[in-house]
Amino acid sequence: AGYLDVVGVGTAESNYNFSKEQFKKALEIKHPYRFDSVIEFTQAAIKASIAEKMNAETRTADFKLAEQEMKNLIFYQPRQTYYQYLLGRLYSEWGRYDVTYFNLAEIAFHEAEKLSPARQQIFFGLGQMYLFAKQYDRAEEMFRHIVELEPRVGEAHWYLGLTLEQFAKNKEALSEFDLAYQYG
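Residues numbered from 1 in each chain as written. Predicted model: local features only at pLDDT ≥ 70, side-chain atom pairs only at ≥ 80, totals over all residues. Heavy atoms only, no water.

**Q** Sorry if this is basic, but what is going on with unusual backbone geometry here?
**A** Glycine aside, residues mostly have negative phi angles, and peptide bonds mostly take the trans form. Even without being glycine, lysine 134 reaches a positive phi, approximately 60°. Mapping lysine 134 onto the fold places it in the loop between α7 (120-132) and α8 (136-149). Phi at alanine 168 takes a positive value of approximately 60°, unusual for a residue other than glycine. Within the secondary structure layout, alanine 168 lies in the loop between α9 (154-166) and α10 (170-183). (Helix = DSSP H or I, 4+ residues; strand = E, 2+ residues; numbered from the N terminus.)

In structure tokens:
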């Protein structure tokens, strides 16, 4: 269990019912894992949004709080790649509801890429964001890049297949789906 769970703020996507006030209360408690609490909250907000466990008002409030807290983490630890990546993921998910956030996601992912140019996770985030934004040519480019970096990542083949379907490249998409199943 993470720190937020310990102080009574549930972060599981199945029971995403904590409020901004509870999160702020958890952050006010002095503990050595405050950064971890921010990361847990941001991850939970993304998961809950994907699972559609929150209404628009809650999503906006929680995303804004997570955005501010992630920006604070980045301010204090600007060389931490994961913080930039997670901010990109937050913006990418937010972009599904407000397309203006896709640009912010792309900026955050590219900032993470500057810090860690070969980290697959960053390119995967970019690829998903381009797929959500219906920028299929760019999504294909990212997923192909991931496959080049490490061909045994099944999820990259899966998303490449989904992207190829958008171009009606069904035979190539099926081949990628087969590889996804093969690599698990």
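Now that the structure has been shown, the text picks up again.
**Q** What is the right way to read the confidence of the model for the chain from this model?
**A** One rule of thumb: low pLDDT means the predicted coordinates there are not for detailed reading. Per-residue confidence for the chain gives a mean pLDDT of 84, with 82% of residues at or over 70. For the chain, per-element mean pLDDT is lowest for helix α1 (residues 3-6), which scores 47, and highest for helix α6 (residues 101-115), which scores 97. Low confidence marks residues 6-11, where pLDDT is under 50. Its contacts with residues over four positions away, or in another chain, come to 14 contacts. (pLDDT = per-residue confidence, 0-100. Contact = heavy atoms within 4.5 Å.)

**Q** Is there a simple way to think about α9 in this case?
**A** At 3.6 residues per turn, the α-helix brings residues three or four places apart onto the same side. In a regular helix each residue adds 1.5 Å, so 13 residues correspond to 18 Å; α9 covers 19 Å between its end C-alpha atoms and thus fits that length. Within α9, the full set of buried residues consists of Gly154, Ala156, His157, Tyr159, Leu160, Gly161, Thr163 and Leu164. Buried residues along α9 sit in contact with α7, α8 and α10. Just downstream of α9, alanine 168 is the residue with a positive phi angle, here 60°. (Expected span 1.5 Å × (residues − 1). Buried < 20%, exposed > 50% of the residue type's maximum accessible area, 1.4 Å probe, protein only.)

**Q** Looking at this structure, how should I read the pattern of salt bridges?
**A** Pairing is possible between side chains that carry opposite charge, provided their charged atoms lie close to one another. Summed over the entire model, instances satisfying the criterion amount to eight salt bridges. Here lysine 169 ties to glutamate 140 by a salt bridge, and the two come within 3.8 Å at their closest N and O atoms. With lysine 169 in the loop between α9 and α10 and glutamate 140 in helix α8, this residue pair connects regions lying 29 residues apart in the sequence. Residue lysine 169 is classed as partly exposed on the basis of its relative accessible area, which comes to 34%. Residue glutamate 140 is classed as buried on the basis of its relative accessible area, which comes to 13%. The salt bridge partner of glutamate 172 is arginine 144, with a shortest N-O separation of 2.4 Å. Here arginine 144 lies in helix α8 and glutamate 172 lies in helix α10, a separation of 28 residues in the sequence. (Salt bridge = Lys/Arg side-chain N within 4 Å of Asp/Glu carboxyl O.)

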